[in-house]
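Here is what each chain is made of, one letter per residue.
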Amino acid sequence: MRRTNRYASKALDALKQFQEDPSRHPIVILYNGQPAGFFILHGWEGVQRYSNNTNALLIRSYSINAKFQGNGIAKQSLFELEDFVKEHFPDKDEIILAVNKKNTVAQQVYLKGGFVDSGQRMMGRKGELYIFRKSLNVS
């Protein structure tokens with residue numbers, strides 16, 4: 001049995017915050033037409049805690065449903081994210097995320113998905129966070 005993600009917000013809680021903040025954009029990850037994951041792309045209101053790049057987006061609440069884990073969905077969705085952002089947010093040139101120091105599985109997925117550890121550290125609600133970044137190839 002797979003464990004639920006204790007580090008990411010629940011999708012319902014994240015959606016409630018989306019209703020109050022128009023700079024949050026909920027994204028559903030589909031796998032064979034079924035919702036398999038979820039995350040929020042957060043604009044400047046979220047980014048500014050981690051960076052002064054006004055052209056960045058922050059990933060929040062990234063999770064894959066337990067019954068879909070182990071299928072490479074997370075890594076593939078991170079590879080496809082660059083094209084998605086270029087299409088829907090053409091003024092953005094970087095994606096940022098904060099991952100808990102203890103969440104080594106997620107760290108490996110993010111690294112395999114093209115993110116790099118910026119070396120920046122900060123404290124979050126559930127402990128120390130590592131800040132990862134992915135520069136977008138803007139044309």
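Structure first, text after, so check above.
Residues numbered from 1 in each chain as written. Predicted model: local features only at pLDDT ≥ 70, side-chain atom pairs only at ≥ 80, totals over all residues. Heavy atoms only, no water.

Asker: Give me the side chain of lysine 134: which residues, what numbers.
Answerer: Tracing the backbone through its elements, the reader meets lysine 134 in strand β6 (residues 127-135). Buried lysine 134, no salt bridge; nearest opposite-charge side chain is glutamate 82, N-O distance 4.2 Å. One polar contact links the side chain of lysine 134 to the main-chain carbonyl oxygen of glycine 113, over a distance of 3.0 Å. Excluding residues within four positions of it along the chain, lysine 134 makes contact with Leu78, Phe79, Glu82, Asp93, Glu94, Ile95, Gly113, Gly114 and Phe115. (Helix = DSSP H or I, 4+ residues; strand = E, 2+ residues; numbered from the N terminus. Buried < 20%, exposed > 50% of the residue type's maximum accessible area, 1.4 Å probe, protein only. Lys, Arg positive; Asp, Glu negative; His and termini not counted. Salt bridge = Lys/Arg side-chain N within 4 Å of Asp/Glu carboxyl O. Polar contact = N/O pair within 3.5 Å; in protein donor to acceptor, adjacent residues only side chain to side chain. Contact = heavy atoms within 4.5 Å.)

Asker: Pulling in residues and values, what's your account of the packing of aromatic side chains?
Answerer: One pass over the structure, following the stated rule, counts 5 aromatic pairs. Where tyrosine 31 meets phenylalanine 68, the ring centres are 6.0 Å apart and the plane angle is 75 degrees; that geometry is what we call edge-to-face. With tyrosine 31 in strand β1 (residues 24-31) and phenylalanine 68 in the loop between β3 (56-64) and α3 (73-88), this pair connects stretches of sequence that are 37 residues apart. Relative accessible area serves as the criterion here: at 29%, tyrosine 31 is assigned to the partly exposed category. Here phenylalanine 68 falls in the buried class, since its relative accessible area comes to 7%. Centre to centre, the rings of tyrosine 110 and phenylalanine 132 are 6.4 Å apart; their planes meet at 80 degrees, and the pair counts as edge-to-face. Linking tyrosine 110 in helix α4 (residues 104-112) with phenylalanine 132 in strand β6, this pair joins segments that are 22 residues apart in sequence. Each member of the pair tyrosine 110 and phenylalanine 132 is classed as buried. An aromatic cluster of at least three residues, connected via ring pairs, comprises Phe39, Tyr62, Tyr110, Phe115 and Phe132. The ring of tyrosine 130 carries arginine 121 above its face, with NZ or CZ at 3.7 Å from the centroid. (Phe/Tyr/Trp six-rings, centres within 6.5 Å; stacked < 30°, edge-to-face > 60°. Lys NZ or Arg CZ within 6 Å of the ring centre and 35° of its normal.)

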